[in-house]
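An overview of the molecular structure
Letter by letter, the chains look like this.
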Amino acid sequence: MQYNTMYLYWNEDLFKEAGLDPEKPPKTFDELKEYAGLLTKKEKQQYGFGIATASSNITNFLWSNGGDWLNEEQTEAACNSPEMIEVLRMLQDFALNGVTPVGMSGAELDNLLLAGQLAMYINGPWLINGCRQNNLNFGIGAVPAANNGNLQVPAGGCAYMVTSSASEEEKIAAFECIKYWLSKDVLKEWSLKNGFPVWSREVLEDEEIKNDEIQSILGPLNKYGRLPFAEVPEYSRMTNEYLDPLFEQLMYGQISPEECAKIMADGINTVLKGR
Amino acid sequence: MIKSLNAYFQKNEVAAWVLLLPSMFCLAIFLFIPLIMSFGLAFFDINIFLKDAKFVLFDNFIELMNDERFWNALGNTVYFTLMVVPVGVIFSLIVALLVSGNTLFNKLVRVVYYLPVICSMTAIGIMWAVLLDPAIGMFAYWLRVLGFKNVQLLKDPDLAMPLVAVMTIWKSFGQNMIIFVAGIQSIPNDFYDASMIDGASRWKQFFYITLPSLVPVLGFCTITSTIGSFMVFDQTYVMTRGGPMFRTETLVQYVYTRGFIVSPFRLGYASAAAFMLFIVIAAITMLMYQFFMKKEAKGL
């Protein structure tokens with residue numbers, strides 16, 4: 001029904017104020033660190049790069065850096081690795097240096113961005129209309145890749161489901177609804193009005209889509225998407241019990257990146273063993 | 001036969017029961033039956049879909065005793081209560097003493113102080129969460145103007161719970177204040193007149209007349225405040241979601257999280273935790289009640 005990955009949002013006005021080119025967002029981890037440092041102004045409560053306290057925010061950095069949460073068979077944790085520790089250290093440094101506010105949820109960071117107090121952050125496409133409505137001069141583009149150019153970003157989407165207790169008529173009605181939704185005109189209207197990226201190959205070729213300011217950026221970024229924790233139903237439990245609390249502790253400076261990576265891996269293995 | 005039926009329903013006790021039946025029916029469905037079911041569920045390992053129930057007797061309780069997050073939640077709840085009840089009750093009493101006279105101004109002030117009590121805790125919690133936000137909140141702004149660095153307020157692990165307590169006292173002191181005002185106004189003026197003839201100072205009047213007369217009211221306010229504080233959920237859920245780092249997770253919130261939020265939605269385990277909360281509240285309430293009964297009998 002819908003497919004999206006994550007994108008870098010940045011405040012073009014704040015970029016100009018800091019002497020950076022608003023058309024040139026950071027492309028690598030190093031550039032991200034550099035730009036975030038320049039864009040953090042403590043006296044003005046301005047944050048350079050926001051990271052919400054949810055472990056899902058580690059994923060794109062971890063993947064780009066060559067690491068992963070689980071092994072290929074999805075039977076064991078693989079996150080107690082040097083790649084993970086590097087990424088955790090980078091994120092913790094952002095928190096300890098005041099580049100990102102600590103303890104914020106994604107929604108609170110949205111507010112900060114719209115209030116003009118956050119220069120950059122990573123989010124899905126759902127804030128595009130919010131930015132437009134608030135007349136924010138925002139840029140949107142690819143998430144910074146690793147220094148060697150490797151880029152992989154968590155993808156997601158929405159799905160429709162029909163309950164097993166639905167009658168035949170209801171099932172047919174649902175089918176008709178999906179048929180309507182998946183028609184070219186509806187998909188095009190949805191993406192143009194909402195900013196959500198187009199995933200249908202047919203619609204990607206449409207002239208209006210190709211010329212649309214937002215869609216021309218988002219379309220080509222689909223190929224960097226990858227589903228996190230695919231086929232791991234215990235994902236929600238892992239996140240709630242271990243990954244999120246541990247990431248929170250890391251960002252508050254209570255544990256080291258090495259400890260964090262190890263306890264996260266132990267936690268994941270504990271949950272997977274209970275299968 | 002109709003005449004004798006009629007006579008039967010005219011009897012006071014029967015009429016009373018008949019009139020109570022609709023309310024009892026609602027209470028039964030929404031209160032009594034769920035309460036009994038909850039006590040029962042605590043002895044099962046059962047999930048939210050009420051499938052695959054296994055009778056485990058005390059296993060849930062034993063697991064609870066070893067559960068770090070349960071003790072954390074209980075500790076946070078006790079910490080919250082220790083902040084809100086003494087400060088709240090004493091503050092309400094002081095305010096009540098100041099506004100117990102029946103002037104128009106006092107009556108207006110009483111109304112104003114009571115307004116937060118009738119507002120929704122969730123709405124007030126959200127409003128205060130925005131006010132106390134370290135990045136966009138008004139309090140944070142003023143603290144920085146005054147020169148404080150590193151203002152974290154609600155995101156500060158040590159300050160979060162005290163701030164929620166302050167907000168709770170602000171919201172609910174009007175309730176106890178009104179009850180205290182009623183209590184103060186019911187003290188006969190003769191006592192004060194007699195004491196003035198004896199040359200008693202205002203302090204002596206307070207400690208020897210007002211306070212002893214208010215012991216039953218004090219008892220009521222303290223006990224109800226304590227029970228309410230132990231069941232705190234709205235404020236912490238809305239303002240901090242139990243964070244940062246579970247420092248504001250209360251027992252009711254833990255029950256809610258275990259039973260309804262985090263898979264595998266262990267309703268049995270959550271019910272056991274709720275059962276423990278019931279035991280704690282019951283024990284503390286009984287102790288307090290004994291204390292205040294003794295005070296009332298002996299006099300302060």
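Residues numbered from 1 in each chain as written. Chains lettered and ligands numbered in written order. Predicted model: local features only at pLDDT ≥ 70, side-chain atom pairs only at ≥ 80, totals over all residues.

1. Section: the overall build of chain A
What counts here: Each helix corresponds to a stretch of at least 4 residues labelled H or I by DSSP, and each strand to a stretch of at least 2 residues labelled E; elements are numbered beginning at the N terminus. In this treatment the radius of gyration is a C-alpha quantity, and the globule benchmark scales as 2.2 Å times the residue count to the 0.38 power. Think of it as a crowd count around each C-beta: if 20 or more other C-beta atoms lie within 10 Å the residue is buried, if 12 or fewer it is exposed, and in between it is partly exposed, with C-beta placed from the backbone throughout. We call two residues in contact whenever the C-beta atoms placed from their backbones are within 7 Å.
When you go through chain A residue by residue, the secondary structure sums to 13 helices and 8 strands. For chain A, whose C-alpha radius of gyration is 20 Å, the value lies close to the compact-globule estimate of 19 Å for 275 residues. In terms of its C-alpha atoms, chain A occupies a principal-axis envelope of roughly 55 × 50 × 30 Å. Within chain A, the fraction of its 275 residues that count as buried is 37%. For chain A, the proportion of contacts with a sequence separation of at least 24, taken over those separated by at least 6, is 69%.

2. Details of the overall build of chain B
A tally of regular secondary structure across chain B gives 13 helices and 2 strands. Expected size for 300 residues packed as a compact globule is a radius of gyration near 19 Å; at 24 Å, chain B overshoots this value by more than 25%. When its C-alpha atoms are laid out on the principal axes, chain B stretches across 85 × 75 × 35 Å. Counting only residues that meet the buried cut, chain B has 28% of its 300 residues in that class. A separation of at least 24 residues holds for 69% of the contacts in chain B among residues at least 6 apart in sequence.

3. Regarding the domain arrangement of chain B
Here is the rule: Where each domain starts and ends follows an automatic or database-derived domain assignment.
Parsing chain B into structural domains produces domain 1 (1-41) and domain 2 (58-298). Using C-alpha coordinates to define each centre, domain 1 of chain B is positioned 35 Å away from domain 2 of chain B.

4. A look at the domain arrangement of chain A
Residue and element names in this part refer to chain A. Which entries qualify depends on this criterion: In this classification, the charged set is Asp, Glu, Lys and Arg, the nonpolar set is Ala, Val, Leu, Ile, Met, Phe, Trp, Tyr, Cys and Pro, and all remaining amino acids, among them Gly, are polar.
Domains assigned within chain A are domain 1 (2-156 + 227-267) and domain 2 (160-212). Look at where the C-alpha atoms of domain 1 and domain 2 centre, and you get two points 30 Å apart. The partner domain 2 presents 5 residues to the 6 residues of domain 1 that form the contact. Counting only elements with at least two residues in the side of domain 1 that touches domain 2, the list comes to β1 (2-4) and α6 (128-133). Tallying contributions element by element places β1 first for the side of domain 1 that touches domain 2, with 3 residues. When its residues are assigned to classes, the side of domain 1 that touches domain 2 shows 3 nonpolar, 3 polar and no charged.

5. Some details on the packing of helix α8 (residues 160-185) of chain B against helix α10 (residues 202-230) of chain B
Residues and elements named next belong to chain B. The condition is simple: Lines fitted to the C-alpha atoms define the axes, with helices restricted to the stretch that makes contact. Angles between their N-to-C directions range from 0 to 180 degrees. For this classification, under 35 degrees means roughly parallel, over 145 means roughly antiparallel, 65 to 115 means roughly perpendicular, and everything else is oblique. Here a crossing is called left-handed whenever its near helix is offset anticlockwise from the far helix by less than a right angle, and right-handed whenever the offset is clockwise.
For the pair α8 and α10, interaxial distance at closest approach is 10 Å and the crossing angle is 155°. The angle between α8 and α10 places the two elements in the roughly antiparallel class. For the pair α8 and α10, the crossing hand works out as right-handed. Between α8, through N176, I179, F180, G183 and I184, and α10, the contact on the second element is made entirely by T210, L214, V217, C221 and S225. Tallied by class, residues from the contact of α8 with α10 come to 6 nonpolar, 4 polar and no charged.

6. Re the sheet that holds strand β5 (residues 138-141) of chain A
Residue and element names in this part refer to chain A. To keep things clear, this is the line we draw: In short, DSSP must find at least two bridges between two strands for them to pair.
The sheet built from 4 strands is open, its strands ordered β3-β4-β2-β5 with mixed pairing. The strands lining the two open edges of the sheet, one partner per strand, are β3 (47-50) and β5. On average, each strand axis in the sheet is tilted by 15° relative to the strand beside it, whichever way the strands run. Docked against the sheet, helix α2 (residues 29-39) engages β3 and β4 (118-123), running at close to 135° with respect to β3. Sheet contacts for helix α5 (residues 106-114): β2 (7-11), β3 and β4; angle to β4, the most-contacted strand, approximately 140°.

7. Observations regarding the interface of chain B and chain A
The interface of chain B with chain A comprises 12 residues on the first partner and 16 residues on the second. Across the side of chain B that touches chain A, the residue classes tally to 9 nonpolar, 2 polar and 1 charged.

8. A word on the environment of D158(B)
Residues and elements named next belong to chain B. Along the polypeptide, D158 turns up in the loop between α7 (138-145) and α8. Residue classification places D158 among the exposed residues on the basis of 9 C-beta atoms within 10 Å. In this structure, the C-alpha to C-alpha distance between D158 and M196, residues 38 residues apart in sequence, is 48 Å.

9. Some words on the packing of helix α12 (residues 251-261) of chain B against helix α13 (residues 267-298) of chain B
All names here are of chain B. Where α12 contacts α13, the axes come no closer than 8 Å and their chain directions differ by 165°. What the angle tells us is that α12 and α13 run roughly antiparallel. Helix-helix and strand crossings are classified by hand; for α12 and α13 the assignment is left-handed. Residues L251, Y254, V255, R258 and G259 of α12 pack against L267, Y269, A270, A273, A274 and L277 of α13.

10. Observations concerning unusual backbone geometry
All names here are of chain B. Here the bond from G243 into P244 is cis, since omega is -10°, no more than 30 degrees from zero. Between S263 and P264 the backbone carries a cis peptide bond, its omega angle lying at 10°. Relative to the assigned elements, P264 resides in the loop between α12 and α13. Backbone geometry places L153, a non-glycine residue, at a positive phi of 45°. With respect to the helices and strands, the residue L153 is situated in the loop between α7 and α8. L153 gets classed as partly exposed once you count the C-beta atoms within 10 Å, which come to 18. If you check the backbone angles, M245 has positive phi at about 60° while not being a glycine. With respect to the helices and strands, the residue M245 is situated in the loop between α11 (234-239) and α12.

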